[in-house]
Amino acid sequence: MEKLRVETAENFQQKCPVVFVLDRSGSMAGEPINEVNKGIVAFAENMSADSISKVRVELSIIAYDNNIDVVREFATVQTNVDMPTLYAGGLTHTESAMIKASELVEERKAYYKANKIPYYRPYIILLTDGQTYGENQSVTRLGELIKNAEKNKKFQFMGFGVADANMDELNSIKGETSIVAKIAGVDSLATFFTWLSSSIDALSKSGDNEEVDMTPDEDNNPFIQTAHVG
Amino acid sequence: MGKWKLIAASSKGNGHKECQDSFAYDFFNEDIVITIVADGAGSYSHSKIGARIVTKVGMQIIKKYLNDNELLSITEEKWKKDVLFLMEELRSYFYKVSNRFKLNIKSLASTVIINICSPNKLLALNIGDGRAGYLSNKNEWYSSISPYHGEEVGQTVFITSDNLQNNVRAYLYEGEFKSIFSLSDGVEDVAFECLQEDVVSKKIYDKNLPFEGFFNPLINYIKESKKSQEELESEFEKFLMNGTPELELEKDDKTMVIGVYDEKI
């Protein structure tokens, strides 16, 4: 059939919504926030280079300290030029940022449903170097939010800590299907975003509720003591 | 009288360790062809076995049914009733296997697509996703099943799901059939017009229509090929593997059974 030439159908692509929740509190100032900024551009470069991911993955970004800002609304990642730049300073209102992220995914799902657009379960991906801190912030409530959402299949959570992140807190808030891992150091953030883009790329092409293998390459493992993530 | 010429193949998805799809085809009284495609669910541990049960046991069950029932006398009403019993019977094998090997029945999750086609009658049934269809005597392509899709991408139902009776869909078509096919969802994005935007409402809907630019060259190739069955199927497997850039990149397993009725044979 080498000589067989067929045309292929053109179909609207299902959407894979992803929200980054990025800590820009004071302790992220300097190299960490610079690495995060470079990382999200690299992520966008990888997404936009793939013919399937660039039409399926819809990325929104929340940057937070004691203010919660949606710095990128849900949209496909067609180029790497429209990524926001984050500046560090302030407290760590992780609970408020996660509440905002869960509201964003519910709004997006309502939009998909209204327009009959098929979608993957949304992913909320938290990156922090500290712990929940500030007025009216509760780790217990944050844990309930994530655990209930996963139980009710509202979204999937991934939580990543870097530098002095409180991993006990991240592990305490995770749900049954969450992925939580410690990034080896600020200098591993670039490798982390590369791993993240290949994982999201695989997720956006998966079917049948299949499990996606997110095990990092041995030579490019951004995590501490995690041969296997998940 | 003419003759059906059938080929089938599976190719594992890009990055998959093994293919969890299964297929079977056979003839009954020469002019009736039976095709079965089963897609073992990726995230269930023994779904490959489940897909095999669907094709192997399913074929026995359908042949027995055709022995007991004259195809031409089967009405739509009877078929819709009978498929529930046929699928209950198939599911009882899943209970046997799960008891014998101490497996959770859900770990064997698989979809089911069955076509039973004579040159002028087509019975179809499905549980879950995937696509199937036929070419009419006016050279128009139609779908023969409506796949089940849940709210989220990849959500579907299986032979092992609860409420089997609600998940079985049955169809009967009369006319002249020049070609029939079934395929697992790994092939649908290239071979079918699925998700399309309604020009007026701008809403997305499942058009569920075979794409003739894909199927016409394929059936012409099969019809005209002088190659042996084995050679043709080996070629077809390669085609499913990398016959188009989209098929090469596809992560899901890809399976297709396609038959052409050639009146000249």
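Refer to the preceding data block for the structure.
Residues numbered from 1 in each chain as written. Chains lettered and ligands numbered in written order. Predicted model: local features only at pLDDT ≥ 70, side-chain atom pairs only at ≥ 80, totals over all residues. Heavy atoms only, no water.

K.L.:
I tried to follow the overall build of chain A on my own but got confused; where do I start?
P.N.:
Scanning chain A from terminus to terminus reveals 6 helices and 6 strands. In sequence order, the secondary structure elements of chain A are arranged as β-α-α-β-β-α-β-α-β-α-β-α. Against the 2.2 N^0.38 benchmark of 17 Å for 230 residues, chain A shows a C-alpha radius of gyration of 18 Å, consistent with a compact globule. Counting only C-alpha atoms, chain A reaches 65 × 40 × 30 Å along its principal axes. Within chain A, the fraction of its 230 residues that count as buried is 56%. (Helix = DSSP H or I, 4+ residues; strand = E, 2+ residues; numbered from the N terminus. Rg over C-alpha atoms; globule rule 2.2 N^0.38 Å. Buried < 20%, exposed > 50% of the residue type's maximum accessible area, 1.4 Å probe, protein only.)

K.L.:
What should I look at first to understand the pairing of strand β3 (residues 68-76) of chain A in this one?
P.N.:
Every regular strand shows the same layout, with side chains that alternate between the two sheet faces. As paired elements, strand β2 (residues 57-64) of chain A and β3(A) share 6 bridges and run antiparallel to each other. Bridging from a neighbouring strand, A:Ile62 pairs with A:Val70 of β3(A). (Pairing = 2+ DSSP bridges.)

K.L.:
Help me understand the packing of helix α1 (residues 31-49) of chain A against helix α6 (residues 189-203) of chain A, please; the structure alone is not making it clear to me.
P.N.:
Each pair of packed helices can be described by the angle between their axes along with the distance between the axes. Residues and elements named next belong to chain A. Running from N to C, α1 and α6 point in directions that differ by 30 degrees, and their axes come no closer than 8 Å. Here α1 lies roughly parallel to α6, going by the angle between them. Classified by chirality, the crossing of α6 by α1 is right-handed. Across from Pro32, Glu35, Val36, Gly39, Ile40, Phe43, Asn46 and Met47 in α1, the residues of α6 making contact are Leu189, Ala190, Phe193, Thr194, Leu196, Ser197, Ile200 and Asp201. Here the residues of the contact of α1 with α6 are counted per class, giving 10 nonpolar, 4 polar and 2 charged. (Axes fitted to C-alpha atoms, helices over the stretch in contact; angles between N-to-C directions. Parallel < 35°, antiparallel > 145°, perpendicular 65-115°, else oblique. Left-handed = near helix turned anticlockwise from the far one by under 90°. Contact = heavy atoms within 4.5 Å. Nonpolar A, V, L, I, M, F, W, Y, C, P; charged D, E, K, R; others polar.)

K.L.:
Just checking my understanding: could you explain the interface of chain B and chain A for this structure?
P.N.:
By a frequent convention, interface size equals the accessible area lost on bringing the separate parts together. Chain B puts 39 residues into the contact, and the matching count from chain A is 30 residues. Seen at the junction of chain B and chain A, the total is 1 salt bridge. For B:Glu152, the salt bridge goes to A:Arg121, with nearest N and O atoms at 3.0 Å. The tally of links from chain B across to chain A stands at 15 residue pairs in polar contact (both at pLDDT 80 or more). Every element with two or more residues in the side of chain B that touches chain A is listed here: α4 (185-191), β10 (192-197), α5 (212-224), α6 (229-242) and α7 (245-249) of chain B. (Salt bridge = Lys/Arg side-chain N within 4 Å of Asp/Glu carboxyl O. Polar contact = N/O pair within 3.5 Å; in protein donor to acceptor, adjacent residues only side chain to side chain.)

K.L.:
Just to check I follow, could you spell out the sheet that holds strand β4 (residues 112-118) of chain B for this structure?
P.N.:
Residues and elements named next belong to chain B. Strand order in the open sheet formed by 5 strands is β2-β3-β4-β5-β8, and the pairing between neighbours is antiparallel. The open sheet terminates on both sides in strands that have one partner only, identified here as β2 (21-28) and β8 (169-174). Averaged over all adjacent pairs, the angle separating strand axes in this sheet is 10 degrees, with direction ignored. In this sheet, strand β3 (residues 32-39) lies alongside β2 in antiparallel orientation, the contact comprising 8 bridges. If you follow tyrosine 25 over to β3, its bridge partner there is threonine 35. Packing against the sheet, helix α1 (residues 47-68) makes contact with β2, β3 and β4, and its axis sits at approximately 20 degrees to β2.

K.L.:
Would you mind showing me how to read the pattern of salt bridges here?
P.N.:
When the charged atoms of two side chains with opposite charge come close together, those side chains can pair. Residue and element names in this part refer to chain B. Within the structure shown, the criterion is met by 19 salt bridges over all chains. Of the charged contacts, one joins glutamate 174 and lysine 121 as a salt bridge, the two residues approaching to 3.6 Å between their closest N and O atoms. Linking glutamate 174 in strand β8 with lysine 121 in strand β5 (residues 121-127), this pair joins segments that are 53 residues apart in sequence. Overall, glutamate 174 belongs to the exposed group, its relative accessible area being 61%. Classification of lysine 121 as buried rests on a relative accessible area of 2%.

K.L.:
Looking at this model, I keep getting lost on the environment of A:Glu135. Mind explaining?
P.N.:
Positionally, A:Glu135 belongs in the loop between β4 (123-128) and α4 (139-151). For A:Glu135, a relative accessible area of 64% translates into the label exposed.

K.L.:
Explanation requested: α1(A) in the structure shown.
P.N.:
Each α-helix winds once per 3.6 residues, and so residues spaced three or four apart point in a common direction. All names here are of chain A. Between the first and last C-alpha of α1 there are 27 Å, a value that for 19 residues agrees with the 27 Å anticipated at 1.5 Å per step. Taken as a whole, α1 has its buried residues at Pro32, Ile33, Glu35, Val36, Asn37, Gly39, Ile40, Phe43, Ala44, Met47 and Ser48. Of the surrounding elements, those touching the buried residues of α1 are β1 (16-23), α2 (53-56), β2, β4 and α6. (Expected span 1.5 Å × (residues − 1).)

K.L.:
It is not clear to me how the nonpolar core should be interpreted in this structure. Could you clarify?
P.N.:
Within soluble globular proteins, side chains that are nonpolar tend to cluster in buried spots. Residues and elements named next belong to chain A. Phe20, Leu127, Met158, Phe160, Phe192 and Leu196 are the most contacted members of the largest nonpolar core, which totals 39 residues. Those elements that provide at least two residues to this core are β1, α1, β2, β4, β5 (156-161), β6 (179-182) and α6. Counting residues per element, this core draws most heavily on α6, which supplies 7 residues. Leave out the neighbours within four places in its chain, and leucine 127 touches Val21, Leu22, Asp23, Val36, Phe160, Val162, Ile183, Leu189, Phe192 and Phe193. (Core = buried A, V, L, I, M, F, W, Y, C linked by side-chain atoms within 4.5 Å.)

K.L.:
Just to check I follow, could you spell out the state of the cysteines for this structure?
P.N.:
For the coordinates displayed, the defined rule picks out 0 disulfides over all chains. A:Cys16 carries a free sulfur, and the closest cysteine sulfur to it, the one in B:Cys194, is 18 Å from it. (Disulfide = S-S within 2.5 Å.)

K.L.:
I tried to follow the packing of aromatic side chains on my own but got confused; where do I start?
P.N.:
Two descriptors summarise a pair of aromatic rings, namely the distance from one centre to the other and the angle between the planes of the rings. In the structure shown here, the tally under the stated rule is 25 aromatic pairs over all chains. Judged by centre distance (6.5 Å) and plane angle (90 degrees), the rings of B:Phe192 and B:Phe215 are edge-to-face. One end of the pair, B:Phe192, is in strand β10; the other, B:Phe215, is in helix α5, and 23 residues separate them in sequence. Residues B:Phe192 and B:Phe215 agree in their burial class; the two are buried. A cation over a ring is seen here: A:Lys15 above A:Phe12, with NZ or CZ 5.2 Å from the ring centre. (Phe/Tyr/Trp six-rings, centres within 6.5 Å; stacked < 30°, edge-to-face > 60°. Lys NZ or Arg CZ within 6 Å of the ring centre and 35° of its normal.)

K.L.:
What should I look at first to understand the packing of α5(B) against α6(B) in this one?
P.N.:
Residue and element names in this part refer to chain B. Viewed as axis vectors pointing N to C, α5 and α6 meet at an angle of 160 degrees, and their least axial separation amounts to 12 Å. By the angle between their directions, the pair α5 and α6 is classed as roughly antiparallel. For the pair α5 and α6, the crossing hand works out as right-handed. Between α5, through Phe214, Leu218, Tyr221 and Ile222, and α6, the contact on the second element is made entirely by Leu232, Glu235, Phe236 and Phe239.

K.L.:
Whenever I open this one, the sheet that holds β1(A) confuses me. Can you help?
P.N.:
Within a sheet, each strand pairs with its neighbour through backbone hydrogen bonds, oriented either parallel or antiparallel. All names here are of chain A. Read from one edge to the other, the open sheet built from 6 strands follows the order β3-β2-β1-β4-β5-β6, with strand pairing classed as mixed. The open sheet terminates on both sides in strands that have one partner only, identified here as β3 and β6. Each strand of the sheet is rotated relative to its neighbour by a mean of 15 degrees, with strand direction disregarded. As paired elements, β4 and β5 share 6 bridges and run parallel to each other. Looking at the pairing, leucine 127 lines up with phenylalanine 160 of β5. α6 rests against β1, β2, β4 and β5 of the sheet, and its axis sits at about 175 degrees to β4.

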